Amino acid sequence: MKKAGWKELPIGSIIDEPGSAEKFFTGDWRSYRPIWHEDKCKHCMICWVYCPDSSIIVKEGKMVGIDLDHCKGCGICAKECKFNAIEMKLESECREEENNG
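Reference entry: report on the structure contained in this document. (Residues numbered from 1 in each chain as written. Predicted model: local features only at pLDDT ≥ 70, side-chain atom pairs only at ≥ 80, totals over all residues. Heavy atoms only, no water.)

## Some details on the overall build of the protein chain
Broken down by element type, the protein chain carries 3 helices and 6 strands. Beginning at the N terminus, the succession of helices and strands in the protein chain can be written as β-β-β-α-β-β-α-β-α. Expressed as a percentage of the 101 residues in the protein chain, the buried residues total 30%. Once local pairs closer than 6 in sequence are excluded, the contacts in the protein chain between residues at least 24 apart make up 54%. For the protein chain, the computed accessible surface area is about 7,200 Å², with 53% contributed by carbon and sulfur atoms. (Helix = DSSP H or I, 4+ residues; strand = E, 2+ residues; numbered from the N terminus. Buried < 20%, exposed > 50% of the residue type's maximum accessible area, 1.4 Å probe, protein only. Contact = heavy atoms within 4.5 Å. Areas by Shrake-Rupley, 256 points an atom, 1.4 Å probe, with all protein chains shown as cover.)

## Considering the nonpolar core
Core analysis: the biggest nonpolar cluster contains 13 residues, and Trp 36, Cys 47, Ile 56, Met 63, Ile 66 and Ile 86 have the highest contact counts within it. Secondary structure elements with two or more residues in this core: β5 (62-66) and α2 (76-80). Once you skip the residues sitting within four places of it in the chain, Ile 66 turns out to touch Pro 34, Trp 36, Ser 55, Ile 56, Ile 57 and Cys 71. (Core = buried A, V, L, I, M, F, W, Y, C linked by side-chain atoms within 4.5 Å.)

## What to know about the side chain of Glu 80
Topologically, Glu 80 is positioned in helix α2. At 4.0 Å, Lys 82 is the nearest oppositely charged side chain to Glu 80, a buried residue that forms no salt bridge. Once you skip the residues sitting within four places of it in the chain, Glu 80 turns out to touch Ile 46 and Tyr 50. (Lys, Arg positive; Asp, Glu negative; His and termini not counted. Salt bridge = Lys/Arg side-chain N within 4 Å of Asp/Glu carboxyl O.)

## Things to note about the environment of Trp 29
Structurally, the position occupied by Trp 29 is in the loop between β2 (24-25) and β3 (32-36). With relative accessibility at 44%, the residue Trp 29 sits in the partly exposed group. As for Trp 29 and Cys 71, which are separated by 42 residues in sequence, their C-alpha atoms are 8.4 Å apart.

## Details of the environment of Ala 85
Structurally, Ala 85 can be placed in the loop between α2 and β6 (86-90). Overall, the relative accessible area of 1% leaves Ala 85 in the buried class. Ignoring anything within four residues of it in the chain, the contact list for Ala 85 reads Ile 35, Trp 36, His 37, Lys 40 and Cys 41.

## What about the pairing of strand β4 (residues 56-59)?
In this sheet, β5 lies alongside β4 in antiparallel orientation, the contact comprising 4 bridges. Bridge pairing links Val 58 to Met 63 in β5. (Pairing = 2+ DSSP bridges.)

## A few points about the packing of aromatic side chains
Considering all chains together, one arrives at 0 aromatic pairs under this definition. The residue whose ring lies beneath Lys 72 is Trp 29, and the NZ or CZ to ring-centre distance is 5.2 Å. (Phe/Tyr/Trp six-rings, centres within 6.5 Å; stacked < 30°, edge-to-face > 60°. Lys NZ or Arg CZ within 6 Å of the ring centre and 35° of its normal.)

## Section: the side chain of Ser 55
Within the secondary structure, Ser 55 sits in the loop between α1 (46-50) and β4. A polar side-chain atom of Ser 55 sits 3.2 Å from the main-chain amide nitrogen of Cys 71. (Polar contact = N/O pair within 3.5 Å; in protein donor to acceptor, adjacent residues only side chain to side chain.)

In structure tokens form, the structure reads like this:
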């Protein structure tokens, strides 16, 4: 099933199906983007526990990345990480870097 952008929802609509938020890309709400530093990560999963958007990607008990389609950039993961393996960076700077190569 193709995921829709959150902007396609009618204004003031309420999604009445539990767990249906994952059907919508909400990552473009972000002002800040989490940057994961794999070399610093101890895979303690504290970020996963605290992430309100379930945006920490885990495989076989280890963090493998961040789901930027759904991450809203709240920064909780970075604040809770005791190993400084996640930093928050302005989304505009990240996009500029991507565009410049």
